[in-house]
Amino acid sequence: MDREWAIQKWNEWYGTYSDEIYRYAVMITGDHELAKDLTHDTFIKAFHSMESYRGETNERNWLYRIARNTAYDELRKRRPIRFVLDTFAANLPASDYIPELVTEQGEYEAQLYRSLQKIKRTYREVIILRKVKELSIRETAEILNWSEGKVKTTLHRALEALKKQMQKEGYRE
């Protein structure tokens, strides 16, 4: 592999996808600082894996898959209890600008975010990719390494679980 080409391609990917990958990492982890680290790690891993990228999926989906695996690898490295707490945290992540975020998003979005953090990881992943990131069923299946049928079924169940969680927390339509 030509090193100059690899560096150029990596720079192109980073410029095109880094913000998107960062936002995805924030949604998975709920932690802005960790998401920055994971975004960096994702692109480092992508650079070192460029030779194995065969174009079977588009580069954006390939990067999402690396980001997903990187995030969960990092969360698993933490103590198991910490992994559970991070993954299923009931509160919005601590941050200096959360009041502004809640005001900007509105109460519905804040409730949706809190409820999303409480449902099963697989449910949260499919909702984030399909409904938040607006990826196609095919793209979501590629990222999660699932069949398209599993994406459809899991999304249906995930939306039901999210609705129940929101109702449990007092949200009424």
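Residues numbered from 1 in each chain as written. Predicted model: local features only at pLDDT ≥ 70, side-chain atom pairs only at ≥ 80, totals over all residues. Heavy atoms only, no water.

Visitor: Quick one: what's the story with the side chain of Thr-57, residue by residue and with numbers?
Guide: With respect to the secondary-structure elements, Thr-57 resides in the loop between helix H2 (32–48) and helix H3 (59–77). For Thr-57, a relative accessible area of 14% translates into the label buried. Once you skip the residues sitting within four places of it in the chain, Thr-57 turns out to touch Trp-62 and Glu-142. (Helix = DSSP H or I, 4+ residues; strand = E, 2+ residues; numbered from the N terminus. Buried < 20%, exposed > 50% of the residue type's maximum accessible area, 1.4 Å probe, protein only. Contact = heavy atoms within 4.5 Å.)

Visitor: Let's hear about the packing of aromatic side chains: which residues, and what values?
Guide: Counted under the stated rule, the structure contains eight aromatic pairs. Taken together, a centroid distance of 6.3 Å and an interplanar angle of 85° make the contact between Trp-10 and Phe-43 edge-to-face. With Trp-10 in helix H1 (residues 3–29) and Phe-43 in helix H2, this residue pair connects regions lying 33 residues apart in the sequence. Residue Phe-43 is classed as buried on the basis of its relative accessible area of 0%. When the ring of Trp-13 is compared with that of Trp-62, the centres are 5.4 Å apart and the planes differ by 65°; the resulting orientation is edge-to-face. Residue Trp-13 is located in helix H1, and its partner Trp-62 is located in helix H3; the two are separated by 49 residues in the primary sequence. Trp-62 shares its class with Trp-13; the two are buried. Ring pairing ties together the aromatic residues Trp-10, Tyr-14, Phe-43 and Phe-47, which thus form one cluster. When the ring centre of Tyr-123 is taken as reference, the NZ or CZ atom of Lys-120 above it lies at 4.6 Å. (Phe/Tyr/Trp six-rings, centres within 6.5 Å; stacked < 30°, edge-to-face > 60°. Lys NZ or Arg CZ within 6 Å of the ring centre and 35° of its normal.)

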